[in-house]
Amino acid sequence: MASNISGFYKMSQEERLEVLKQNCKISDEELHLLKELKPMDFKTADIMIENVVGVFGLPLGIATNFVVNGKDYLIPMAIEESSVVAAASKAAKIARLSGGFKADANKQHMIGQIQIMVKGKKTNSVIKKIRANKKALLEKANACDKVLVSFGGGAKDLIIRHFEGFIVLHLIVDVRDAMGANAINTMCETIAPEIEKIANCRTGIKIISNLAVYRLAKAKAVFTKHLLEEESGKGIVDEIIKAWKFALADPYRAVTHNKGIMNGIDAIAIATGNDFRALEAGAHGYACIKGNYKPLTKYYKDKNGNLIGEITMPLQFGIVGGSTRVNPMAKLCLNILGVKSAQELAEVAASVGLAQNFAALYALSTKGIQYGHMKLHAKNIAVQAGAKNYEIDAVAEAMISSKSINEASAKEILKKIRRDTL
Ligand code: MEV
């Protein structure tokens, strides 16, 4: 499968669906779901949440050109913001020319937390008893999820952390291809009464931690200097590095910088039925793990002056369980991606996050972010004014150059184009 599909953005819906049919393992039934814009029936929605009255739509786009670890991917992105899909595709096109993204995700280890209400002298004896029973506690946790254990996952370790007035037990669980919240919360709730018995103490709350520091994903790409200079002139690599340094120095900028990364990550999360709030919480928590809020990416030059971009962040994605398999659109989007594991999905998502960030810094360092937005807006106005096919781009470009984007200008330009082509 090749993801560098030329002119995808110019195709009709039918032609785009044909590309998906040719390149991805999706059924005719799934194609029908896309064609008919019917993402979910009432019954499915009604078992997912409470008090359902309908389903809510979001555009689903496909980012093209992605190569991650030598494999081509078409990236499904569900998002309301214009330019995000185009920006990711453009960045991936540049990265592709130097081999694409190299990505690597950790083992899928997550943390469950159990608060233990103990202080003063008793603390040491409680810790000793927990340590002495570690094997039995892990076995008890693993008995909650035999399927996970059969796939090589399950509870692996216990770690004690100290706070004023209580201690916290971290249960480390390899969640394999799941996001993991259900498995972990069940395990924590199951072993907490056991801990109370063994150590004669009271436990407080038990819940997953979304600060997934053992589930990091990294991606790296080379954005070739001559390609960037060809389009945007000399000094562009330095400008992008300076823009990144702004985020490094200033948390007000770093938050927006990371927001741009999450444009890509959340769009994949929503498309694949993943918990984007967990991903957001983990990303921003990790961004300030050392005390100051920092960008999740880094940029520098190689010896040839090419721009190197890197990203490291926690990514808690699942491809089994939760809504990833209940929501028919999520299932379909996972089929479009063709990922075989949660680890692979995290590697792809990290690459998309980096692509999104590079695209934002590139745009901000050159034409500014409004140019892309205005282009789309101008196209919409052109269509409203009656422009068809090639006329749409021509009218939009003319309105942007004249800095007059409204229906009256569009109609006037359209009249002129049609007169000139007679
Ligand atoms: C907009 O959704 C995202 C950006 O603000 C990100 C950034 O500023 O880096 C363009």
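How each quantity is defined
- Residues numbered from 1 in each chain as written.
- Predicted model: local features only at pLDDT ≥ 70, side-chain atom pairs only at ≥ 80, totals over all residues.
- Heavy atoms only, no water.
- Pairing = 2+ DSSP bridges.
- Helix = DSSP H or I, 4+ residues; strand = E, 2+ residues; numbered from the N terminus.
- Axes fitted to C-alpha atoms, helices over the stretch in contact; angles between N-to-C directions.
- Contact = heavy atoms within 4.5 Å.
- Buried < 20%, exposed > 50% of the residue type's maximum accessible area, 1.4 Å probe, protein only.
- Domains from an automatic or database assignment.
- Buried area = accessible area lost by both parts, 1.4 Å probe.
- Salt bridge = Lys/Arg side-chain N within 4 Å of Asp/Glu carboxyl O.

Trainee: Could you clarify how one ought to interpret the sheet that holds strand 10 (residues 307-314) in this entry?
Mentor: Strands pair in a sheet through their backbones, by hydrogen bonds, and they do so in one of two ways: parallel or antiparallel. A sheet is described by the order of its strands in space; here 4 strands give the open sequence 3-8-10-9, paired in antiparallel fashion. Bordering the open sheet on either side are strand 3 (102-105) and strand 9 (297-301), each of which pairs with just one other strand. Each strand axis lies, on average, 10° off the axis of its neighbour in the sheet, ignoring direction. Both strand 8 (residues 216-223) and strand 10 contribute to a ladder of 8 bridges, which runs antiparallel. From the neighbouring strand, Ala219 faces strand 10, where its bridge partner is Ile311. The strands touched by helix 11 (residues 251-271) are strand 9 and strand 10; relative to strand 10, the strand with the most contacts, the crossing angle is about 75°. Sitting on the sheet, helix 12 (residues 276-287) touches strand 8 and strand 10, and the angle it makes with strand 10 is about 115°.

Trainee: What am I meant to see in the pairing of strand 6 (residues 166-174) here?
Mentor: The side chains of a regular strand alternate, first on one face of the sheet and then on the other. In terms of burial, strand 6 is largely enclosed, as 8 of its 9 residues are buried. Bridge analysis of strand 5 (residues 154-163) against strand 6 gives 9 bridges, and the strand direction is antiparallel. In the sheet register, Arg161 faces strand 6, and the bridge partner there is Val168. Count of turn residues in the strand 5/strand 6 antiparallel hairpin: 2 residues, of which Gly165 carries a positive phi of about 90°.

Trainee: When you look at unusual backbone geometry in this model, what are you seeing that I'm missing?
Mentor: Backbone geometry follows two general trends: most residues other than glycine have a negative phi, and most peptide bonds adopt the trans configuration. For Leu37, which is not glycine, the phi dihedral falls at a positive 55°. Tracing the sequence through the fold places Leu37 in the loop between helix 2 (28-35) and helix 3 (42-48). In this structure Leu37 comes out as exposed when scored by relative accessible area, which is 68%. Of note in this structure, Arg176 is not a glycine but carries a positive phi near 50°. Looking at where Arg176 falls in the secondary structure, it is placed in the loop between strand 6 and helix 8 (181-199).

Trainee: Before we go on, may I ask you to explain the domain arrangement of the protein in this structure?
Mentor: Many authors give the size of an interface as the accessible area that is lost as the parts come together. According to the domain assignment, the protein consists of domain 1 (8-103 + 217-367), domain 2 (109-209) and domain 3 (371-420). Relative placement of domain 1 and domain 2: their C-alpha centres are 34 Å apart. Residue-level contacts link 10 residues of domain 1 with 5 residues of domain 2. Of the roughly 530 Å² buried between domain 1 and domain 2, counting both surfaces, carbon and sulfur atoms make up 59%. A per-residue breakdown of the area domain 1 buries against domain 2 is headed by Gln316, Val320 and Ala342, which together make up 59% of the total. In this assembly, domain 1 and domain 2 are joined by 0 salt bridges.

Trainee: Before we go on, may I ask you to explain the sheet that holds strand 4 (residues 109-117) in this structure?
Mentor: What the 4 strands build is an open sheet, ordered 5-6-4-7; its pairing is antiparallel. Looking at strand neighbours, the two that pair on one side only are strand 5 and strand 7 (202-209), the edges of this open sheet. When strand polarity is set aside, the average angle formed by the axes of neighbouring strands in this sheet is 20°. Here helix 6 (residues 134-142) sits on the sheet and contacts strand 5 and strand 6; the angle it forms with strand 5, its principal contact strand, is near 125°. Sheet strands in contact with helix 8 are strand 4, strand 5, strand 6 and strand 7, and its direction is about 165° off that of strand 7.

Trainee: What exactly am I supposed to notice about the environment of Ile369 here?
Mentor: Checked against the element boundaries, Ile369 lands in the loop between helix 15 (342-365) and helix 16 (370-384). Judged by relative accessible area, which is 36%, Ile369 ranks as partly exposed. Separated by 10 residues in the primary sequence, Ile369 and Ala359 have C-alpha atoms spaced 9.8 Å apart.

Trainee: Is there a simple way to explain the pairing of strand 3 in this structure?
Mentor: Residues Ala103 and Ala105 line the buried face of strand 3, whereas the alternating positions Lys102 and Asp104 sit on a face that is not buried. Here 4 bridges tie strand 3 to strand 8, and the two strands are oriented antiparallel to one another. Note that in strand 8 the partner of Lys102 across the bridge is Lys220.

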